[in-house]
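# Structural characterization, general
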Amino acid sequence: MKIVLAAFACVVFCEGCTHVAPYERGRLAEPDMTRLDLDGPAAEHVYAVHEGAAGGGAVAESGCGCN
Amino acid sequence: MQLTRARAFLVFLVAFVAVAWPEVAHAQENGSSGDKTAERKEDKAQKEAEVGKAPEDATTKHVSLDVAGYTDSDHVSVFTPSVSGGIENVITGAAVRGSYLVDVVSAASVDIVSTASRRWTEARQAGSAEVEYKPHDFGVSIAGSTSSEPDYFSYGAGVTMTYDLLEKNLTLIGGYGYGHDTAGRSGTPFSVFSRDITHGAFTAGLSGVYDRSTILSGVFDLTLENGDSSKPYRYIPMFTAAEAANVSSGASIDYVNAHRLSERPLEQLPLSRRRFAFTGRLAHRFDSSTLRAEERIYYDSWGLAASTTDARWIFDFGKRFALWPHVRFHAQKSVSFWQLAYVSGPAPGWDLPEYRTGDRELGPLMTFMGGAGIRTYLGSEADPRRYAISLQGDGGYTAYSDDLYVTSRAMFLASLRFEGEL
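Everything numeric here is computed off the predicted structure, so don't read it as measured data.

## Side note on the confidence of the model for chain B
Residue and element names in this part refer to chain B. Model confidence for chain B is summarised by a mean pLDDT of 86, while 86% of its residues fall at 70 or above. Across residues 9–42, where pLDDT falls below 50, the model places 6 contacts with residues more than four positions away in sequence or in other chains. For this predicted complex, the interface confidence comes out at an ipTM of 0.79, alongside a pTM of 0.82.

## What about the nonpolar core?
Ranked by internal contacts, the top residues of the largest apolar core, which has 16 residues, are Tyr298, Trp302, Leu304, Val335, Phe337 and Leu362 of chain B. Those residues in contact with Phe337 of chain B, other than ones at most four positions away along the chain, are Leu269, Pro270, Trp302, Tyr342, Tyr355, Arg356 and Thr357 of chain B.

## Describing the side chain of His326 of chain B
Residue and element names in this part refer to chain B. Tracing the chain through its elements places His326 in strand E14 (residues 321–333). The buried category is assigned to His326, whose relative accessible area is 0%. Of note is the side chain of His326, whose polar atom sits 3.0 Å from the side chain of Asp394.

## Focus on empty space enclosed by the protein
Counted by the stated rule, this structure contains 3 cavities of 30 Å³ or more. Within this model, the largest cavity holds a volume of roughly 200 Å³. If you trace the largest cavity, you find 20 residues lining it, with Leu38 and Gly40 of chain A together with Gln392, Ser415 and Arg417 of chain B closest to the centre. Residue composition of the lining of the largest cavity, by class: 8 nonpolar, 4 polar and 8 charged.

## Topic: the interface of chain B and chain A
At the junction of the two partners, chain B supplies 69 residues and chain A supplies 46 residues. Counting the surface lost from both chain B and chain A, the interface buries some 4800 Å², and carbon and sulfur atoms represent 52% of this. Together, Tyr210, Arg212 and Arg292 of chain B form the three largest contributors to the area buried by chain B at its contact with chain A, with a combined 13%. Our count for the contact surface shared by chain B and chain A stands at 9 salt bridges. The closest approach of N and O atoms between Asp37 of chain A and Arg417 of chain B, which form a salt bridge, is 3.4 Å. Run the count over chain B and chain A and you get 21 residue pairs in polar contact (both at pLDDT 80 or more). Of all the elements, strand E11 (residues 272–285) of chain B adds the most residues to the side of chain B that touches chain A, at 8 residues.

Criteria and thresholds
Residues numbered from 1 in each chain as written. Chains lettered and ligands numbered in written order. Predicted model: local features only at pLDDT ≥ 70, side-chain atom pairs only at ≥ 80, totals over all residues. Heavy atoms only, no water. pLDDT = per-residue confidence, 0-100. Contact = heavy atoms within 4.5 Å. Core = buried A, V, L, I, M, F, W, Y, C linked by side-chain atoms within 4.5 Å. Buried < 20%, exposed > 50% of the residue type's maximum accessible area, 1.4 Å probe, protein only. Helix = DSSP H or I, 4+ residues; strand = E, 2+ residues; numbered from the N terminus. Polar contact = N/O pair within 3.5 Å; in protein donor to acceptor, adjacent residues only side chain to side chain. 1 Å grid on protein atoms, 1.4 Å probe; cavity = no way out; pocket = protein on both sides within 12 Å on 5 of 7 lines; lining within 4 Å. Points joined across faces, edges and corners; volume = space filled by probe spheres on them. Nonpolar A, V, L, I, M, F, W, Y, C, P; charged D, E, K, R; others polar. Buried area = accessible area lost by both parts, 1.4 Å probe. Salt bridge = Lys/Arg side-chain N within 4 Å of Asp/Glu carboxyl O.

As structure tokens, then:
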């Protein structure tokens with residue numbers, strides 16, 4: 001069931017994607033769209049200590065055409 | 001022949017006038033108006049930028065200063081000043097970043113009181129550095145970090161690679177990180193007592209442009225941990241089977257001490273752990289606001305399963321202010337060896353359970369956090385975002401459904417941050 005849901009999500013993602021040209025990415029270039037430090041280091045530490053889960057830390061994302 | 005020479009001279013004359021006239025006109029205007037000269041320079045720079053010409057200095061330098069404070073109803077408080085900075089060159093795709101922070105923790109939590117220990121205060125120092133190089137579609141980032149406190153020392157290093165496809169509409173992400181922890185006891189040299197714990201973390205995912213206003217991403221994390229991460233200070237109360245049946249969630253220190261067995265062994269956790277996480281992220285830009293949301297699904301080989309949802313909606317108010325609400329919800333079920341009251345046999349054999357823990361974060365819990373933040377931009381009229389100050393405050397409540405001593409915890413976290421582009 002989980003695999004089916006994951007596959008469904010992938011299909012929806014791929015089917016729904018629109019090719020956006022670099023000159024159409026004005027909104028995507030807004031800094032808050034991609035900044036990785038919305039939570040400061042103290043908040044990140046609080047989450048890490050108080051939640052038994054781990055992973056999903058910030059990784060470089062692109063798509064805005066700004067790197 | 002003469003006609004050809006005349007035509008050549010005429011062409012030369014027209015070309016000379018075409019080239020020289022703007023310069024002559026510019027020289028005339030230069031003497032009468034400095035403001036117009038400045039405007040021309042700005043126009044020229046703008047036009048150069050528009051046609052993609054490189055500015056003279058494509059290097060940007062960022063610095064961020066952050067001060068945060070945390071307190072909770074379990075008598076724990078933390079003060080965290082930190083600084084981070086970076087230098088980036090958008091033309092070469094090279095960047096260097098670094099950070100440093102200090103955590104000053106003061107605690108007299110119920111777990112400490114239950115072992116008849118006094119409030120303690122200690123400091124942790126942590127630093128990180130990163131070098132990134134992404135000249136074109138392929139990028140590599142190498143990062144290292146270290147953390148030190150009186151009874152714990154850790155270091156780690158990792159590499160992350162990204163590859164852009166379809167004109168940067170899709171980015172593949174892959175990485176590996178290794179970490180090594182040395183856990184000891186405060187006041188005892190690591191050479192006398194220490195435990196080694198290693199971490200290997202694999203990351204794979206993709207980030208893509210969904211439409212002109214939306215970015216979606218999904219990342220898998222697999223972390224392999226090996227070593228004994230049991231806390232050398234954490235003693236676990238033991239009960240007879242009959243007494244254990246009567247222990248209720250939130251039982252007081254006095255009740256536990258009155259009904260537990262005399263034996264109180266140290267915590268013992270499994271010596272390896274496999275952690276799996278999938279995190280999906282959404283970023284959507286509206287006309288004057290930005291929605292950021294993420295969901296993490298987590299499972300590990302100890303049986304802990306969790307869901308974490310985080311969302312922030314940043315509203316712009318003109319060019320100078322931004323305001324956002326923030327919510328975070330975390331729910332988890334316990335590890336498979338979790339017990340409210342552990343049962344052991346009689347002395348002298350005790351027959352202790354192989355695994356036992358009092359780590360509340362390994363038990364069943366739900367946490368809700370909510371708050372707000374405000375950011376004001378202090379740069380010039382032409383570049384207001386060059387400097388910014390932001391203030392954020394979050395309150396939180398955790399409900400523990402199967403724990404000794406406490407059934408809930410209230411907390412508050414606030415941070416003040418200055419960011420600037422030098």
